[in-house]
Amino acid sequence: MTDTAVARTDNPTRGRWGLVVAALLLQLSLGAVYAWSVFSSALQKAGAFKLTKPQATLPFETAIGMIFIGTYLGGRIQDRRGPRTVAVIGSVVYGLGVIVASFARDGDHLPLLVIGYGVLAGFGLGLAYIVPIAMLQKWFPDRRGLITGLAVGGFGFGAVVTAPIAQALIKRNPDVPTTAFLPLGIAYLVLAVAGALFFRDPPAGYAVPGYTPATSGKVVDSGRDYTQGEALRTWQWYALAAILTLAVLAGISFISQAAATFADVAGYTAAAAATAVGLLGLFNGAGRIFWAAVSGRLGRMPTFVVILALEGACLLLIPHAHNAALFFVLAAVVYLCYGGAFGTMPATAGDFFGVKNAGGIYGLMLIGWSLGGVVGPLIVAKLIGSTKNYSAGFTTIGLIALIAIVLPVITRLPRTRKDAAEGSLGAQTSARR
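Keep in mind that what you see is a predicted model, and the values were worked out from it rather than measured. All residue numbers refer to positions counted from 1 along the written sequence of the respective chain. In keeping with the model being predicted, local features are shown solely for residues with a pLDDT of at least 70 and side-chain atom pairs are shown and tallied solely at 80 or more, while totals for entire chains, interfaces and linings include all residues. Computation of side-chain values: all heavy atoms of the structure, hydrogens and water removed.

**Re the confidence of the model for the protein**
The pLDDT value tells you how sure the predictor is about a given residue, anywhere from 0 up to 100. Scored by pLDDT, the protein has a mean of 87; 91% of the residues are at 70 or more. The contact definition used throughout considers only heavy atoms, calling two residues in contact when any of these lie within 4.5 Å. Here residues 420-433 scores under 50 on pLDDT; set against residues more than four positions off or in separate chains, the count is 12 contacts.

**Side note on the nonpolar core**
Ranked by internal contacts, the top residues of the largest apolar core, which has 133 residues, are Tyr34, Tyr129, Phe254, Phe262, Phe342, Tyr362 and Trp369. For this core, the element with the most residues is helix 13 (residues 324-353), which contributes 16 residues. Apart from residues no more than four positions distant in its own chain, Phe342 is found in contact with Tyr34, Tyr129, Val152, Leu244, Val248, Arg288, Tyr362, Leu366 and Trp369. We call a set of buried residues a nonpolar core when its members are Ala, Val, Leu, Ile, Met, Phe, Trp, Tyr or Cys and they connect through side-chain atoms within 4.5 Å of each other. A simple rule labels every residue: compare its accessible area, found with a 1.4 Å probe on the protein chains alone, to the largest value its type can have, and call it buried under 20%, exposed over 50%, or partly exposed in between. Helix numbering and strand numbering both begin at the N terminus, where a helix is a DSSP run of H or I of at least 4 residues and a strand a DSSP run of E of at least 2.

**Section: the environment of Pro319**
With respect to the helices and strands, the residue Pro319 is situated in the loop between helix 12 (300-317) and helix 13. The contacts of Pro319, once residues within four sequence positions are left out, are Val265, Tyr390, Ser391 and Phe394.

**Quick look at the packing of helix 9 (residues 235-255) against helix 14 (residues 358-365)**
Remark: helix 9 packs on helix 14, axes separated minimally by 9 Å, with the N-to-C direction vectors making an angle of 50 degrees. On the basis of the axis angle, helix 9 is oblique to helix 14. Each of Trp237, Leu240, Ala241 and Leu244 in helix 9 lies in contact with helix 14, whose residues at this interface are Ile361, Tyr362, Leu364 and Met365. Its residues assigned to classes, the contact of helix 9 with helix 14 comprises 8 nonpolar, no polar and no charged. Axes, fitted as lines to C-alpha atoms, cover a helix only where it is in contact. Angles between the N-to-C directions of the axes lie from 0 to 180 degrees. For this classification, under 35 degrees means roughly parallel, over 145 means roughly antiparallel, 65 to 115 means roughly perpendicular, and everything else is oblique. Any residue that is not Ala, Val, Leu, Ile, Met, Phe, Trp, Tyr, Cys, Pro, Asp, Glu, Lys or Arg is counted as polar, Gly included; the first ten are nonpolar and the last four charged.

**Quick word on unusual backbone geometry**
With phi around 50 degrees, Lys50 is a residue other than glycine that occupies positive phi space. Turning to its location among the elements, Lys50 is positioned in the loop between helix 2 (36-45) and helix 3 (53-81). The exposure class of Lys50 is exposed, given its relative accessible area of 54%. The backbone phi angle of Lys388 is positive, close to 60 degrees, even though this residue is not glycine. Within the secondary structure layout, Lys388 lies in the loop between helix 15 (367-384) and helix 16 (390-403). Overall, Lys388 belongs to the partly exposed group, its relative accessible area being 47%.

**Regarding the pattern of salt bridges**
Here a salt bridge means any side-chain nitrogen of Lys or Arg lying within 4 Å of a carboxyl oxygen belonging to Asp or Glu. Counted by the stated rule, this structure contains 5 salt bridges. As a salt-bridge pair, Asp264 and Lys388 come within 3.4 Å of each other at their nearest N and O atoms. Taken together, the positions of Asp264 in helix 10 (residues 258-266) and Lys388 in the loop between helix 15 and helix 16 put the pair 124 residues apart, joining distant regions of the chain. Of the charged contacts, one joins Arg300 and Asp351 as a salt bridge, the two residues approaching to 2.6 Å between their closest N and O atoms. Residue Arg300 is found in helix 12, and its partner Asp351 is found in helix 13; the two are separated by 51 residues along the sequence. For Arg300, a relative accessible area of 6% translates into the label buried. In the salt-bridge network here, residues are joined through shared partners; they are Arg16, Asp142 and Arg143.

So this is what it looks like as C-alpha coordinates:
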(Lines give C-alpha, C1' and ligand atoms only; values in the text may rest on other atoms or scores of the structure.)
Protein backbone atom coordinates (compact mmCIF):
# COMPACT_ATOMS: atom_id res chain seq x y z
CA MET A 1 0.00 0.00 0.00
CA THR A 2 1.11 3.54 -0.72
CA ASP A 3 0.29 6.73 1.14
CA THR A 4 -1.75 7.92 -1.85
CA ALA A 5 -4.59 5.91 -3.34
CA VAL A 6 -4.49 4.76 -6.94
CA ALA A 7 -7.08 6.52 -9.07
CA ARG A 8 -10.24 4.48 -9.73
CA THR A 9 -12.14 4.85 -12.94
CA ASP A 10 -15.36 3.22 -11.70
CA ASN A 11 -16.00 4.80 -8.32
CA PRO A 12 -13.28 7.07 -6.92
CA THR A 13 -14.92 7.12 -3.46
CA ARG A 14 -14.79 3.35 -3.02
CA GLY A 15 -13.19 2.39 0.28
CA ARG A 16 -13.38 5.81 1.90
CA TRP A 17 -15.72 4.63 4.67
CA GLY A 18 -13.22 1.91 5.48
CA LEU A 19 -10.73 4.69 6.20
CA VAL A 20 -13.21 6.11 8.72
CA VAL A 21 -13.23 2.76 10.54
CA ALA A 22 -9.42 2.68 10.57
CA ALA A 23 -9.34 6.25 11.89
CA LEU A 24 -11.75 5.36 14.70
CA LEU A 25 -9.55 2.43 15.72
CA LEU A 26 -6.56 4.75 15.99
CA GLN A 27 -8.46 7.48 17.81
CA LEU A 28 -10.00 5.11 20.35
CA SER A 29 -6.49 4.19 21.46
CA LEU A 30 -5.29 7.77 21.60
CA GLY A 31 -8.41 8.99 23.42
CA ALA A 32 -7.58 6.85 26.44
CA VAL A 33 -5.68 9.90 27.69
CA TYR A 34 -9.04 11.31 28.87
CA ALA A 35 -9.31 8.59 31.49
CA TRP A 36 -6.38 10.16 33.35
CA SER A 37 -8.55 11.32 36.26
CA VAL A 38 -8.91 7.64 37.26
CA PHE A 39 -5.13 7.40 37.59
CA SER A 40 -4.88 10.83 39.21
CA SER A 41 -7.23 9.80 42.00
CA ALA A 42 -5.43 6.46 42.47
CA LEU A 43 -1.97 8.08 42.60
CA GLN A 44 -3.11 10.42 45.36
CA LYS A 45 -4.35 7.48 47.47
CA ALA A 46 -1.70 4.86 46.63
CA GLY A 47 0.58 3.94 49.50
CA ALA A 48 3.71 3.94 47.32
CA PHE A 49 2.96 7.33 45.75
CA LYS A 50 0.78 9.64 47.90
CA LEU A 51 1.02 12.40 45.30
CA THR A 52 -0.52 15.81 45.85
CA LYS A 53 -3.26 16.92 43.48
CA PRO A 54 -0.90 19.17 41.44
CA GLN A 55 1.69 16.35 41.26
CA ALA A 56 -0.94 13.85 40.12
CA THR A 57 -2.04 16.31 37.42
CA LEU A 58 1.50 16.88 36.08
CA PRO A 59 1.79 13.82 33.74
CA PHE A 60 -1.56 14.66 32.14
CA GLU A 61 -0.64 18.34 31.74
CA THR A 62 2.69 17.39 30.19
CA ALA A 63 0.98 15.03 27.74
CA ILE A 64 -1.46 17.72 26.65
CA GLY A 65 1.39 20.21 26.36
CA MET A 66 3.39 17.85 24.14
CA ILE A 67 0.44 17.22 21.84
CA PHE A 68 0.99 20.53 20.07
CA ILE A 69 4.58 19.68 19.14
CA GLY A 70 3.37 16.38 17.72
CA THR A 71 0.46 17.86 15.77
CA TYR A 72 2.62 20.65 14.38
CA LEU A 73 5.28 18.26 13.07
CA GLY A 74 2.78 15.58 12.07
CA GLY A 75 0.64 18.02 10.12
CA ARG A 76 3.55 19.42 8.14
CA ILE A 77 5.07 16.02 7.39
CA GLN A 78 1.80 14.40 6.35
CA ASP A 79 0.99 17.23 3.91
CA ARG A 80 4.28 16.40 2.16
CA ARG A 81 4.78 12.66 2.73
CA GLY A 82 1.30 11.24 3.19
CA PRO A 83 -0.62 10.02 6.23
CA ARG A 84 0.41 6.42 6.85
CA THR A 85 4.05 6.86 7.87
CA VAL A 86 3.26 9.69 10.28
CA ALA A 87 0.36 7.83 11.89
CA VAL A 88 2.36 4.63 12.39
CA ILE A 89 5.33 6.43 13.96
CA GLY A 90 3.03 8.42 16.23
CA SER A 91 1.19 5.27 17.32
CA VAL A 92 4.43 3.48 18.19
CA VAL A 93 5.80 6.41 20.21
CA TYR A 94 2.48 6.77 22.03
CA GLY A 95 2.27 3.10 22.99
CA LEU A 96 5.90 2.94 24.09
CA GLY A 97 5.47 6.07 26.19
CA VAL A 98 2.62 4.49 28.16
CA ILE A 99 4.71 1.33 28.61
CA VAL A 100 7.63 3.41 29.96
CA ALA A 101 5.24 4.97 32.49
CA SER A 102 4.51 1.50 33.90
CA PHE A 103 8.04 1.35 35.34
CA ALA A 104 7.34 4.21 37.79
CA ARG A 105 6.79 2.36 41.05
CA ASP A 106 6.69 5.04 43.77
CA GLY A 107 6.53 8.79 44.34
CA ASP A 108 10.25 9.18 43.69
CA HIS A 109 9.62 7.95 40.13
CA LEU A 110 7.31 10.83 39.28
CA PRO A 111 9.85 12.16 36.71
CA LEU A 112 9.75 8.79 34.91
CA LEU A 113 5.95 8.94 34.87
CA VAL A 114 6.11 12.43 33.40
CA ILE A 115 8.65 11.40 30.75
CA GLY A 116 6.76 8.25 29.72
CA TYR A 117 3.12 9.27 29.92
CA GLY A 118 3.69 12.99 29.48
CA VAL A 119 6.56 13.62 27.06
CA LEU A 120 6.67 10.44 24.94
CA ALA A 121 3.00 9.45 24.91
CA GLY A 122 1.88 13.07 24.53
CA PHE A 123 4.19 13.65 21.56
CA GLY A 124 3.17 10.39 19.87
CA LEU A 125 -0.49 11.19 20.47
CA GLY A 126 -0.18 14.57 18.75
CA LEU A 127 1.80 13.11 15.84
CA ALA A 128 -0.91 10.52 15.12
CA TYR A 129 -4.00 12.55 16.09
CA ILE A 130 -3.79 15.16 13.34
CA VAL A 131 -3.45 12.60 10.53
CA PRO A 132 -7.01 11.24 10.15
CA ILE A 133 -8.50 14.72 10.55
CA ALA A 134 -6.64 16.12 7.56
CA MET A 135 -6.84 12.89 5.55
CA LEU A 136 -10.61 12.41 5.86
CA GLN A 137 -11.40 16.02 4.96
CA LYS A 138 -9.73 15.33 1.60
CA TRP A 139 -11.77 12.17 1.08
CA PHE A 140 -15.10 13.73 2.18
CA PRO A 141 -15.41 17.30 0.80
CA ASP A 142 -19.15 16.64 0.58
CA ARG A 143 -19.52 15.87 4.32
CA ARG A 144 -16.84 18.01 5.92
CA GLY A 145 -18.64 18.83 9.17
CA LEU A 146 -19.86 15.30 9.85
CA ILE A 147 -16.63 13.62 8.84
CA THR A 148 -14.38 15.79 11.00
CA GLY A 149 -16.70 14.98 13.89
CA LEU A 150 -16.31 11.28 13.18
CA ALA A 151 -12.56 11.69 12.68
CA VAL A 152 -12.14 12.88 16.25
CA GLY A 153 -15.22 11.15 17.70
CA GLY A 154 -13.31 7.97 18.42
CA PHE A 155 -10.85 10.00 20.47
CA GLY A 156 -13.64 11.08 22.78
CA PHE A 157 -14.95 7.54 23.09
CA GLY A 158 -11.50 6.26 24.15
CA ALA A 159 -12.15 6.99 27.82
CA VAL A 160 -15.40 4.99 27.71
CA VAL A 161 -13.43 1.82 27.13
CA THR A 162 -10.34 2.71 29.14
CA ALA A 163 -11.75 4.06 32.41
CA PRO A 164 -13.42 0.88 33.70
CA ILE A 165 -10.58 -1.32 32.42
CA ALA A 166 -8.02 0.94 34.09
CA GLN A 167 -10.00 0.86 37.34
CA ALA A 168 -10.09 -2.95 37.26
CA LEU A 169 -6.34 -3.13 36.59
CA ILE A 170 -5.60 -0.65 39.38
CA LYS A 171 -7.61 -2.75 41.86
CA ARG A 172 -5.17 -5.61 41.30
CA ASN A 173 -2.37 -3.52 42.80
CA PRO A 174 -3.80 -0.32 44.35
CA ASP A 175 -0.52 0.58 46.05
CA VAL A 176 1.22 0.77 42.65
CA PRO A 177 -1.50 1.82 40.17
CA THR A 178 1.08 2.44 37.43
CA THR A 179 1.33 -1.31 36.81
CA ALA A 180 -1.88 -0.90 34.80
CA PHE A 181 0.04 1.04 32.15
CA LEU A 182 1.89 -2.03 30.85
CA PRO A 183 -1.09 -3.99 29.47
CA LEU A 184 -2.78 -0.77 28.41
CA GLY A 185 0.31 0.45 26.53
CA ILE A 186 0.65 -2.82 24.66
CA ALA A 187 -3.05 -2.73 23.67
CA TYR A 188 -2.76 0.88 22.49
CA LEU A 189 0.31 0.04 20.42
CA VAL A 190 -1.34 -2.88 18.63
CA LEU A 191 -4.70 -1.21 17.94
CA ALA A 192 -3.35 2.19 16.88
CA VAL A 193 -0.78 0.74 14.47
CA ALA A 194 -3.40 -1.62 13.01
CA GLY A 195 -5.60 1.35 12.14
CA ALA A 196 -2.77 3.56 10.87
CA LEU A 197 -1.56 0.95 8.37
CA PHE A 198 -4.66 1.53 6.22
CA PHE A 199 -4.28 5.31 5.91
CA ARG A 200 -3.82 6.88 2.46
CA ASP A 201 -4.56 10.16 0.68
CA PRO A 202 -6.96 10.31 -2.28
CA PRO A 203 -5.40 10.30 -5.77
CA ALA A 204 -4.63 13.49 -7.69
CA GLY A 205 -7.73 14.97 -9.23
CA TYR A 206 -10.03 13.14 -6.82
CA ALA A 207 -13.64 14.34 -6.84
CA VAL A 208 -16.87 13.01 -5.38
CA PRO A 209 -19.33 12.20 -8.19
CA GLY A 210 -22.31 14.55 -8.18
CA TYR A 211 -20.85 16.89 -5.56
CA THR A 212 -20.59 20.62 -6.34
CA PRO A 213 -18.87 22.82 -3.70
CA ALA A 214 -21.13 25.40 -2.09
CA THR A 215 -20.22 29.02 -2.81
CA SER A 216 -22.66 30.71 -0.47
CA GLY A 217 -24.67 30.09 2.68
CA LYS A 218 -23.66 29.43 6.28
CA VAL A 219 -20.80 27.13 5.22
CA VAL A 220 -18.63 28.04 2.21
CA ASP A 221 -16.81 25.09 0.65
CA SER A 222 -15.17 26.89 -2.27
CA GLY A 223 -12.31 29.36 -2.27
CA ARG A 224 -8.55 29.73 -2.44
CA ASP A 225 -6.49 27.20 -0.49
CA TYR A 226 -4.13 28.97 1.90
CA THR A 227 -0.62 27.81 2.67
CA GLN A 228 0.31 27.62 6.33
CA GLY A 229 2.28 30.87 6.04
CA GLU A 230 -0.62 32.68 4.40
CA ALA A 231 -3.03 31.48 7.07
CA LEU A 232 -0.72 32.74 9.80
CA ARG A 233 -0.78 36.21 8.23
CA THR A 234 -4.51 36.51 8.82
CA TRP A 235 -6.03 37.64 12.13
CA GLN A 236 -8.69 34.96 11.71
CA TRP A 237 -6.20 32.15 12.29
CA TYR A 238 -5.36 33.61 15.70
CA ALA A 239 -9.03 34.15 16.50
CA LEU A 240 -9.82 30.51 15.74
CA ALA A 241 -6.83 29.33 17.78
CA ALA A 242 -8.01 31.49 20.71
CA ILE A 243 -11.57 30.12 20.48
CA LEU A 244 -10.23 26.57 20.55
CA THR A 245 -7.90 27.40 23.46
CA LEU A 246 -10.67 28.82 25.63
CA ALA A 247 -13.17 26.08 24.80
CA VAL A 248 -10.52 23.49 25.67
CA LEU A 249 -9.51 25.32 28.86
CA ALA A 250 -13.08 25.32 30.11
CA GLY A 251 -13.78 21.66 29.39
CA ILE A 252 -10.47 20.13 30.35
CA SER A 253 -10.40 21.97 33.68
CA PHE A 254 -13.35 19.85 34.72
CA ILE A 255 -12.15 16.70 32.98
CA SER A 256 -8.83 16.81 34.86
CA GLN A 257 -10.74 16.80 38.17
CA ALA A 258 -13.75 14.73 37.12
CA ALA A 259 -13.31 11.61 39.26
CA ALA A 260 -12.47 13.57 42.43
CA THR A 261 -15.28 16.08 41.83
CA PHE A 262 -17.86 13.32 41.43
CA ALA A 263 -16.78 11.97 44.82
CA ASP A 264 -16.34 15.22 46.75
CA VAL A 265 -19.29 17.22 45.42
CA ALA A 266 -21.91 14.63 44.49
CA GLY A 267 -20.90 11.84 46.90
CA TYR A 268 -19.99 9.14 44.36
CA THR A 269 -17.83 6.21 45.50
CA ALA A 270 -14.45 5.75 43.79
CA ALA A 271 -15.82 2.89 41.68
CA ALA A 272 -18.96 4.83 40.75
CA ALA A 273 -16.87 7.90 39.89
CA ALA A 274 -14.66 5.81 37.59
CA THR A 275 -17.75 4.37 35.91
CA ALA A 276 -19.19 7.87 35.49
CA VAL A 277 -15.96 9.13 33.92
CA GLY A 278 -16.11 6.25 31.48
CA LEU A 279 -19.74 6.99 30.59
CA LEU A 280 -18.92 10.66 30.11
CA GLY A 281 -16.51 9.63 27.39
CA LEU A 282 -19.65 8.82 25.38
CA PHE A 283 -20.62 12.47 25.56
CA ASN A 284 -17.09 13.61 24.68
CA GLY A 285 -17.18 11.42 21.59
CA ALA A 286 -20.81 12.14 20.70
CA GLY A 287 -20.24 15.87 21.09
CA ARG A 288 -17.59 15.81 18.38
CA ILE A 289 -20.05 14.29 15.93
CA PHE A 290 -23.16 16.15 17.12
CA TRP A 291 -21.79 19.71 17.18
CA ALA A 292 -19.84 19.20 13.95
CA ALA A 293 -23.08 18.21 12.22
CA VAL A 294 -25.01 21.05 13.87
CA SER A 295 -22.41 23.56 12.72
CA GLY A 296 -23.16 22.65 9.11
CA ARG A 297 -26.71 23.94 9.60
CA LEU A 298 -26.34 26.57 12.29
CA GLY A 299 -22.99 27.94 11.10
CA ARG A 300 -19.54 27.46 12.65
CA MET A 301 -19.32 30.64 14.74
CA PRO A 302 -22.88 30.47 16.17
CA THR A 303 -22.10 26.89 17.18
CA PHE A 304 -19.05 28.04 19.14
CA VAL A 305 -21.16 30.70 20.87
CA VAL A 306 -23.50 27.96 22.12
CA ILE A 307 -20.63 25.67 23.11
CA LEU A 308 -18.87 28.32 25.23
CA ALA A 309 -22.14 29.50 26.80
CA LEU A 310 -23.11 25.99 27.87
CA GLU A 311 -19.64 25.21 29.23
CA GLY A 312 -19.60 28.41 31.26
CA ALA A 313 -23.10 27.98 32.70
CA CYS A 314 -22.52 24.35 33.69
CA LEU A 315 -19.20 25.10 35.39
CA LEU A 316 -20.87 27.80 37.47
CA LEU A 317 -23.51 25.29 38.63
CA ILE A 318 -21.37 22.17 39.16
CA PRO A 319 -19.90 23.08 42.60
CA HIS A 320 -23.45 23.46 43.96
CA ALA A 321 -24.95 20.34 42.33
CA HIS A 322 -24.96 17.90 45.24
CA ASN A 323 -27.71 15.80 43.66
CA ALA A 324 -25.99 12.88 41.92
CA ALA A 325 -28.27 12.87 38.86
CA LEU A 326 -28.13 16.64 38.33
CA PHE A 327 -24.35 16.59 38.72
CA PHE A 328 -24.03 13.92 36.03
CA VAL A 329 -26.23 15.90 33.63
CA LEU A 330 -24.14 19.06 34.06
CA ALA A 331 -20.91 17.08 33.67
CA ALA A 332 -22.29 15.42 30.53
CA VAL A 333 -23.03 18.81 28.96
CA VAL A 334 -19.47 19.97 29.67
CA TYR A 335 -18.06 16.82 28.04
CA LEU A 336 -20.47 17.18 25.10
CA CYS A 337 -19.36 20.78 24.47
CA TYR A 338 -15.69 20.06 25.04
CA GLY A 339 -15.81 17.32 22.43
CA GLY A 340 -17.83 19.62 20.19
CA ALA A 341 -15.02 22.15 20.01
CA PHE A 342 -12.68 19.50 18.57
CA GLY A 343 -15.35 18.20 16.21
CA THR A 344 -16.25 21.63 14.86
CA MET A 345 -12.90 23.40 14.60
CA PRO A 346 -11.29 21.22 11.87
CA ALA A 347 -14.23 21.93 9.55
CA THR A 348 -14.10 25.60 10.54
CA ALA A 349 -10.43 25.81 9.64
CA GLY A 350 -11.25 24.11 6.33
CA ASP A 351 -13.93 26.72 5.62
CA PHE A 352 -11.56 29.57 6.46
CA PHE A 353 -8.37 28.32 4.80
CA GLY A 354 -9.17 25.31 2.56
CA VAL A 355 -8.24 21.64 3.04
CA LYS A 356 -5.20 21.27 0.78
CA ASN A 357 -2.82 22.20 3.62
CA ALA A 358 -5.18 21.26 6.44
CA GLY A 359 -2.58 19.14 8.25
CA GLY A 360 -0.17 22.03 8.75
CA ILE A 361 -2.77 24.76 9.33
CA TYR A 362 -4.97 22.90 11.78
CA GLY A 363 -2.04 21.02 13.29
CA LEU A 364 -0.48 24.33 14.30
CA MET A 365 -3.85 25.60 15.54
CA LEU A 366 -3.88 22.75 18.05
CA ILE A 367 -1.50 24.82 20.15
CA GLY A 368 -4.83 25.81 21.67
CA TRP A 369 -5.25 22.25 22.93
CA SER A 370 -1.87 22.37 24.63
CA LEU A 371 -2.28 25.88 26.06
CA GLY A 372 -5.79 25.22 27.34
CA GLY A 373 -4.82 21.76 28.51
CA VAL A 374 -1.93 23.03 30.59
CA VAL A 375 -3.28 26.33 31.90
CA GLY A 376 -6.81 25.15 32.73
CA PRO A 377 -5.90 22.18 34.96
CA LEU A 378 -3.16 24.23 36.65
CA ILE A 379 -5.56 27.05 37.50
CA VAL A 380 -8.34 24.81 38.73
CA ALA A 381 -6.01 22.53 40.74
CA LYS A 382 -4.46 25.56 42.43
CA LEU A 383 -7.82 27.16 43.27
CA ILE A 384 -9.36 23.91 44.52
CA GLY A 385 -6.25 23.09 46.56
CA SER A 386 -6.17 20.87 49.61
CA THR A 387 -9.30 22.58 51.00
CA LYS A 388 -11.34 21.27 48.05
CA ASN A 389 -12.71 24.69 47.17
CA TYR A 390 -14.50 23.60 44.00
CA SER A 391 -16.62 26.73 43.94
CA ALA A 392 -13.61 29.03 43.49
CA GLY A 393 -12.05 26.77 40.87
CA PHE A 394 -15.00 26.14 38.59
CA THR A 395 -16.59 29.58 39.00
CA THR A 396 -13.38 31.19 37.74
CA ILE A 397 -13.18 28.89 34.72
CA GLY A 398 -16.90 29.28 34.00
CA LEU A 399 -16.61 33.06 33.86
CA ILE A 400 -13.65 32.79 31.48
CA ALA A 401 -15.77 30.66 29.13
CA LEU A 402 -18.65 33.14 29.19
CA ILE A 403 -16.39 36.11 28.45
CA ALA A 404 -14.83 34.15 25.56
CA ILE A 405 -18.17 34.23 23.70
CA VAL A 406 -17.16 37.59 22.22
CA LEU A 407 -14.58 35.90 19.96
CA PRO A 408 -16.90 33.79 17.77
CA VAL A 409 -19.30 36.73 17.63
CA ILE A 410 -16.74 38.94 15.86
CA THR A 411 -14.88 36.34 13.74
CA ARG A 412 -15.66 36.17 10.00
CA LEU A 413 -14.17 34.44 6.91
CA PRO A 414 -10.99 36.00 5.48
CA ARG A 415 -11.91 38.48 2.73
CA THR A 416 -9.67 36.83 0.13
CA ARG A 417 -11.39 33.47 0.62
CA LYS A 418 -14.83 35.05 0.36
CA ASP A 419 -13.75 36.82 -2.82
CA ALA A 420 -12.45 33.54 -4.29
CA ALA A 421 -15.71 31.80 -3.47
CA GLU A 422 -17.72 34.59 -5.03
CA GLY A 423 -15.45 34.48 -8.11
CA SER A 424 -16.01 30.74 -8.37
CA LEU A 425 -19.76 31.29 -8.23
CA GLY A 426 -19.50 33.92 -10.99
CA ALA A 427 -17.42 31.61 -13.17
CA GLN A 428 -19.92 28.80 -12.74
CA THR A 429 -22.79 31.14 -13.63
CA SER A 430 -21.00 32.38 -16.78
CA ALA A 431 -20.23 28.82 -17.84
CA ARG A 432 -23.89 27.86 -17.55
CA ARG A 433 -24.77 30.79 -19.82
